[in-house]
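Understanding the architecture of this molecule
So the chains spell out like this:
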Amino acid sequence: MEAYAELICPIGTDNGEAVTANLKRMPHLLVAGGKKGEARRYLYGILLSLIKDNSPEVLRLLVTHMPELCADIPHLLADPARDGAGAVNVFGWVTEEVDRRYARLTEAGVRNIDEYNRSSEEKLPYIVCVAGKLEELPPSAKEKAAITAAKARAAGIYLAVASEKADAKTVCGLIKANIPTRIALKTATKTESRVILDAYGAETLEENELIYSPIAAKPAVLKFEPVSDEAAREITENAKKLPAPERIIPKGRTDEKKMLYRALELAIETGGVTTALLQRRFGISYAKAARLTEEMEAAGYVGKYEGPKPRAVYITREQLEEIKNSNGN
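This paragraph deals with empty space enclosed by the protein. This model, assessed by the stated rule, comprises 3 cavities of 30 Å³ or more. For the largest cavity, the calculated volume is near 50 Å³. Taken together, the residues of the lining of the largest cavity sort by class into 3 nonpolar, 3 polar and 2 charged.

Pairs of packed helices are described in terms of their axes, by the angle between the two and the distance that separates them. Relative orientation of the contacting elements helix α2 (residues 84-108) and helix α4 (residues 139-151) amounts to 25°, with a least axis distance of 8 Å. The orientation of α2 relative to α4 falls into the category roughly parallel. Relative to α4, the crossing made by α2 is left-handed. Touching A87, V88, F91, G92, V94, T95, V98, D99 and Y102 of α2 are S140, A141, K144, A145, I147, T148 and K151, all from α4. Looking at the contact of α2 with α4, its residues break down into 9 nonpolar, 4 polar and 3 charged.

Right, let's get into the pattern of salt bridges. Per the stated rule, a full pass over the model turns up 25 salt bridges. Put simply, E207 and K35 hold a salt bridge, and the shortest N to O gap is 4.0 Å. Of this pair, E207 sits in the loop between α6 (190-197) and β8 (209-213) while K35 sits in the loop between β3 (29-32) and α1 (38-53), and the two are 172 residues apart along the sequence. Judged by its relative accessible area of 55%, K35 falls in the exposed class. One salt-bridge network, in which partners are shared between bridges, spans E96, E97, R100, R101 and E294.

Cis geometry marks the peptide bond from M26 to P27, where omega comes out at -10°. Here P27 shows up in the loop between β2 (17-22) and β3. The backbone of D198 shows a phi angle near 60°, a positive value even though the residue is not glycine. Position of D198 relative to the elements: it lies in the loop between α6 and β8.

Time to look at the packing of aromatic side chains. For the structure shown, the criterion picks out 2 aromatic pairs. Between Y42 and F224, the aromatic rings sit 5.5 Å apart at their centres with planes inclined by 90°, giving edge-to-face as the arrangement. One end of the pair, Y42, is in helix α1; the other, F224, is in the loop between β9 (220-223) and α7 (229-239), and 182 residues separate them in sequence. Like F224, Y42 is buried.

This next bit is on the side chain of E97. Assignment of secondary structure puts E97 in helix α2. On the basis of relative accessible area, E97 is assigned to the buried category, the value being 2%. Only 2.9 Å separates the side chain of E97 from the side chain of R100, close enough to count as a polar contact. Beyond its immediate chain neighbours, meaning those up to four positions away, E97 contacts I127, I157 and Y286.

Okay, the pairing of β9 next. Side chains on a regular strand alternate between the two faces of the sheet. With 4 bridges joining them, β8 and β9 adopt antiparallel strand pairing. Note that in β9 the partner of Y212 across the bridge is A220. Linking two consecutive strands that pair antiparallel, namely β8 and β9, is a turn of 6 residues; a positive phi of about 55° is found at A216 within it.

This part takes up the environment of K288. Along the chain, K288 falls in helix α10 (residues 286-298). The class for K288 is buried, based on a relative accessible area of 3%. Taking C-alpha positions, K288 is 12 Å from T274, a pair spaced 14 residues apart along the chain.

Turning next to the side chain of N117. Residue position: N117 is located in helix α3 (residues 113-119). Side-chain polar atoms of N117 contact the backbone nitrogen of L124, separated by 2.8 Å.

Attention now moves to the nonpolar core. In this structure, I11, L61, L69, V128, I183 and L210 are the most contacted members of the largest nonpolar core, which totals 50 residues. Within the second largest apolar cluster, 31 residues are counted, among which are L134, L137, A146 and I248.

As a further point, take the confidence of the model for the protein chain. For the protein chain, per-residue confidence averages 89 on the pLDDT scale, and residues scoring 70 or more make up 95% of the total. This stretch, residues 249-254, has a pLDDT under 50; its non-local contacts, to residues over four places away or in other chains, come to 6 contacts.

It is worth spelling out the pairing of β8 at this point. For β8, a buried count of 5 out of 5 residues is recorded, marking the element as mostly surrounded by other parts of the structure. Judged by which residues are buried, β8 turns out to be covered on both faces: E209, I211 and S213 on one side and L210 and Y212 on the other are all buried. Direction of pairing for strand β7 (residues 181-184) relative to β8: antiparallel, over a ladder of 3 bridges. Each bridged residue has a counterpart across the sheet, and for A184 the counterpart in β8 is I211.

Parameters and conventions
- Residues numbered from 1 in each chain as written.
- Predicted model: local features only at pLDDT ≥ 70, side-chain atom pairs only at ≥ 80, totals over all residues.
- Heavy atoms only, no water.
- 1 Å grid on protein atoms, 1.4 Å probe; cavity = no way out; pocket = protein on both sides within 12 Å on 5 of 7 lines; lining within 4 Å.
- Points joined across faces, edges and corners; volume = space filled by probe spheres on them.
- Nonpolar A, V, L, I, M, F, W, Y, C, P; charged D, E, K, R; others polar.
- Axes fitted to C-alpha atoms, helices over the stretch in contact; angles between N-to-C directions.
- Helix = DSSP H or I, 4+ residues; strand = E, 2+ residues; numbered from the N terminus.
- Parallel < 35°, antiparallel > 145°, perpendicular 65-115°, else oblique.
- Left-handed = near helix turned anticlockwise from the far one by under 90°.
- Contact = heavy atoms within 4.5 Å.
- Salt bridge = Lys/Arg side-chain N within 4 Å of Asp/Glu carboxyl O.
- Buried < 20%, exposed > 50% of the residue type's maximum accessible area, 1.4 Å probe, protein only.
- Phe/Tyr/Trp six-rings, centres within 6.5 Å; stacked < 30°, edge-to-face > 60°.
- Polar contact = N/O pair within 3.5 Å; in protein donor to acceptor, adjacent residues only side chain to side chain.
- Pairing = 2+ DSSP bridges.
- Core = buried A, V, L, I, M, F, W, Y, C linked by side-chain atoms within 4.5 Å.
- pLDDT = per-residue confidence, 0-100.

Dropping the structure here:
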């Protein structure tokens, strides 16, 4: 896996010249306005471009309310969430992952994910957390999304949301305060334009025009073309040929404990354990491997994270067998 990558997104065209932006520098994106489903479709095109240019080792996606996105895409970190409860779980996990990553950066003595990946054997993938229908997020999920946006940039986690509604209740102040880069499609009224951009203008747009308002730069009117079904199929079919890392195991799965025992057996066998070792041996995602090492540490089975050094192992094979027998395994 590369130490770092640039997450380049196509925005539109200006007099025929392509305009792109780096999601890492946005560092979060709101798309709103347009006809029914148009904002979500536009965001879908951006996601497809990111999938096309980045492998699942580099980029993972967490998605809610994005029915266009194929559930077989290997970049997905978890199964797509299709309702409010699923969205709450997605954003709840993300807020916890931000904290886990900041702890890891602090322990490694680095400021951000790129510095970490350049200096560590255990690479962290970038995560883009996507909400295709901001208007359908429960208040708790929307609050968690805003918390994520407020502090996730250095951890390599970015937020991209779409909303076909452009009212103050949906595109609330909490969201706007933490998502500086915004794209407005044509709105019905000046008020809607102001809700999205804090400025008028989107109500005057023509078909397939947008206003791109990046951080610390003047808004620009650009042309755009929605992604075609043919292009979407080609990108998704090519993506599905790539190796698929394991997805996050939902809470309550009985095989979680079995995986923990397997990880402990490996740690005892090798005399030390790292997240990278668990990933390689079991073919699982970084998130799952990190969760296993943290669980082993919390239980006192292995030592604390010490940079590239393997964690010390404090459990014997006999003790592990006793634990397994007492739990009926």
